[in-house]
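In case you want the letters, here they are:
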Amino acid sequence: RHDRRRLPRTDAGDRNRLVETLKSYLAGTLAALKEEQRLGPGGGLSACRKYSDAMDNVVHALHERARGKFLSSSPDLKYRLAVTSVGGYGRGELCPKSDIDLLFLHPHKVDPYVEAMTERILYPLWDLGLRVGHACRSLADCRALARTDLPSRTSMQAARFLAGDRR
């Protein structure tokens, strides 16, 4: 029986093996949700929330795997990055064919750590065939954008922390 709450280990192996593990996990999650819908009146919103939870597990695992690679070479790493979901995904309402909207939030400017972490999270998501909407912004960038762009402000209002430095 598939357990969408538990992602299999993703720390070993190359990116191809990682992608296959994640692909299998998401396929099992979708099959389990489809079966739940077939068996009873679980409701579409409930399924979207459960799929959102499963995607949270995937993004968190990708972040931890990427950060682990940095910590193995730089154990005293002090760089900061938070990965957040925004928009419908931020509200926990992720439909199976929806975009995965992510905001990579950093304190000041994009540095090599932020750039590498972003790539190490996005590339496997793209390899999974997911449509990923993403932005990499500082807190100041977010404030400035929120003042001038209503759709971005609305999307960021639904931001939800997924992984990284919560501060």
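Keep in mind it's a predicted model, so treat the numbers as computed, not measured.

1. Here's the deal with the overall build of the protein
Then, in step 1: For the protein, the helix and strand inventory stands at 6 helices and 4 strands.
Then, in step 2: Moving toward the C terminus, one meets the helices and strands of the protein in the order α-α-β-α-β-α-β-α-α-β.
Then, in step 3: A buried classification covers 40% of the 167 residues belonging to the protein.
Then, in step 4: Put simply, 72% of the contacts in the protein that link residues at least 6 apart link residues at least 24 apart.
Then, in step 5: When the accessible area of the protein is evaluated, it comes to approximately 9700 Å², of which 51% is carbon and sulfur surface.

2. Examining the pairing of strand β2 (residues 100-106)
Then, in step 1: Across the 7 residues that make up β2, a large majority, 5, are buried.
Then, in step 2: Pairing geometry for strand β1 (residues 82-85) and β2, over 4 bridges, is antiparallel. Bridging across to β2, V83 finds its partner in F104.
Then, in step 3: Relative to strand β3 (residues 132-138), β2 runs parallel, the two sharing 7 bridges. Bridged to L102 within β3 is H134.
Then, in step 4: A crossover connection joins β2 to the parallel β3 through helix α4 (residues 112-127); in handedness this β-α-β unit is right-handed.

3. Some thoughts on the nonpolar core
Then, in step 1: By size, the foremost hydrophobic cluster in this structure holds 32 residues, and its most contacted members are M55, L102, L125 and L130.
Then, in step 2: The leading source of residues in this core is helix α2 (residues 44-73), at 8 residues.
Then, in step 3: Leaving out residues up to four positions away in the same chain, L125 has contacts with V58, L62, L102, L130 and V132.
Then, in step 4: With 6 residues, the next largest nonpolar core counts V86, L103, A135 and A146 among its residues.

4. Re the side chain of S85
Then, in step 1: As for its position among the elements, S85 is in strand β1.
Then, in step 2: Among all residues touching S85, those that are not within four sequence positions of it are G90, D101, L102, A158, A159, R160 and L162.

5. Thoughts on the pattern of salt bridges
Then, in step 1: Inspection of every chain in the model, using the stated rule, returns 8 salt bridges.
Then, in step 2: When the shortest N-O distance is used, the salt bridge between E36 and K50 registers 2.7 Å. One end of the pair, E36, is in helix α1 (residues 15-39); the other, K50, is in helix α2, and 14 residues separate them in sequence.
Then, in step 3: Take E36: its relative accessible area is 29%, and that puts it in the partly exposed class.
Then, in step 4: When the shortest N-O distance is used, the salt bridge between E93 and R91 registers 3.2 Å.
Then, in step 5: Through salt bridges with shared partners, a single network forms among R49, R91 and E93.

6. Remarks on the packing of helix α5 (residues 139-148) against helix α6 (residues 150-157)
Then, in step 1: It is the contact of α5 with α6, at a shortest axis distance of 6 Å, that shows an interaxial angle of 125°. Classified by the angle their axes make, α5 and α6 are oblique. Where α5 crosses over α6, the two elements pack in a sense that is left-handed. Of α6, the residues touching α5 (which contributes C142, L145, A146 and T148) are L150, S152, R153 and M156.
Then, in step 2: A class-by-class count of the residues in the contact of α5 with α6 yields 5 nonpolar, 2 polar and 1 charged.

7. Some details on the packing of aromatic side chains
Then, in step 1: What the rule picks out here adds up to 1 aromatic pair.
Then, in step 2: Above the plane of the ring of Y89 lies R160, whose end atom (NZ or CZ) is 5.5 Å from the centre.

8. Structural notes on the packing of α1 against α4
Then, in step 1: Taken N-terminus to C-terminus, the directions of α1 and α4 make an angle of 60°; their axes are 9 Å apart at the nearest point. Between α1 and α4, the crossing angle belongs to the class labelled oblique. Crossing of α1 against α4: the hand is right-handed. Every residue of α4 that contacts α1 at R15, L18, V19 and K23 is listed here: Y123, P124 and D127.
Then, in step 2: Looking at the contact of α1 with α4 residue by residue, the class counts come to 4 nonpolar, no polar and 3 charged.

Rules and cut-offs
- Residues numbered from 1 in each chain as written.
- Predicted model: local features only at pLDDT ≥ 70, side-chain atom pairs only at ≥ 80, totals over all residues.
- Heavy atoms only, no water.
- Helix = DSSP H or I, 4+ residues; strand = E, 2+ residues; numbered from the N terminus.
- Buried < 20%, exposed > 50% of the residue type's maximum accessible area, 1.4 Å probe, protein only.
- Contact = heavy atoms within 4.5 Å.
- Areas by Shrake-Rupley, 256 points an atom, 1.4 Å probe, with all protein chains shown as cover.
- Pairing = 2+ DSSP bridges.
- Right-handed = clockwise from strand over helix to strand, strands pointing away.
- Core = buried A, V, L, I, M, F, W, Y, C linked by side-chain atoms within 4.5 Å.
- Salt bridge = Lys/Arg side-chain N within 4 Å of Asp/Glu carboxyl O.
- Axes fitted to C-alpha atoms, helices over the stretch in contact; angles between N-to-C directions.
- Parallel < 35°, antiparallel > 145°, perpendicular 65-115°, else oblique.
- Left-handed = near helix turned anticlockwise from the far one by under 90°.
- Nonpolar A, V, L, I, M, F, W, Y, C, P; charged D, E, K, R; others polar.
- Phe/Tyr/Trp six-rings, centres within 6.5 Å; stacked < 30°, edge-to-face > 60°.
- Lys NZ or Arg CZ within 6 Å of the ring centre and 35° of its normal.

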